[in-house]
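Given next are the chains, with one letter for each unit.
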Amino acid sequence: MGFEINTLEFNQNQLNIWDIGGQKTLRSFWFNYFDKLDSMIWVIDLSNWSRIQENFKEFNDIISNEKLMGLKVLIYLNKLDLIPQSNIDELKTRVIDLLQLNQLDQERWKVQECSAYDLKSLHKGLEWLISS
């Protein structure tokens, strides 16, 4: 965990992924990378509810940064495999409400449930991200 840069080919697109980590010691550096962003992927760990409020606070702090205005934001609800299927829609609605995503342009964001064990769910989010 920490800082990592990867380049991957996806649907005939080259994606440069900068994972700058979410640890408290790294957060002060986040703003250094906003000038070079085309889009942002925000990951919420569904298995760690003790940090969920902290996650929402950090998201709201950075999404209002003027350098991110108009940026597409993909929000992965990760570790879906640990959540009962019957709770997913309710959980997704709660996240949208808590992150106040409805205050942003609808075309600008997507909440995608995912699991590292299910590449289809990860691909679905990336497909949205690279579309127009």
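Looking at an unreviewed UniProt entry, one finds the protein chain named ADP-ribosylation factor and attributed to Wickerhamomyces ciferrii.

Student: So what about the pattern of salt bridges? Which residues, and what values?
Tutor: Inspection of every chain in the model, using the stated rule, returns four salt bridges. A salt bridge links lysine 79 to aspartate 45; the shortest N-O distance between them is 3.3 Å. Here lysine 79 is found in the loop between β4 (72-78) and α3 (88-98), whereas its partner aspartate 45 is found in strand β3 (residues 39-45), with 34 residues between them in sequence. According to the relative accessible area criterion, lysine 79 is partly exposed, its value standing at 30%. A relative accessible area of 26% means that aspartate 45 is categorised as partly exposed. A salt bridge links glutamate 54 to arginine 51, with the nearest nitrogen and oxygen atoms 3.4 Å apart.

Student: Any details on helix α4 (residues 119-130)? Residues and values, ideally.
Tutor: Given a rise of 1.5 Å per residue, 12 residues ought to cover 16 Å, and the 16 Å separating the end C-alpha atoms of α4 matches this to within 8%. Looking only at α4, the buried set comprises Ser121, Gly125, Leu126, Trp128 and Leu129. For α4, the angular spread of buried residues about the axis comes to 155 degrees, placing them on one side. Of the exposed residues in α4, the ones pointing more than 90 degrees away from its buried face are Leu119 and Lys120. Check the buried side of α4 and you find it contacts β1 (4-10), β2 (13-19), β3, β4 and β5 (109-113).

Parameters and conventions
- Residues numbered from 1 in each chain as written.
- Predicted model: local features only at pLDDT ≥ 70, side-chain atom pairs only at ≥ 80, totals over all residues.
- Heavy atoms only, no water.
- Salt bridge = Lys/Arg side-chain N within 4 Å of Asp/Glu carboxyl O.
- Helix = DSSP H or I, 4+ residues; strand = E, 2+ residues; numbered from the N terminus.
- Buried < 20%, exposed > 50% of the residue type's maximum accessible area, 1.4 Å probe, protein only.
- Expected span 1.5 Å × (residues − 1).
- Arc of directions from axis to C-beta.
- Contact = heavy atoms within 4.5 Å.

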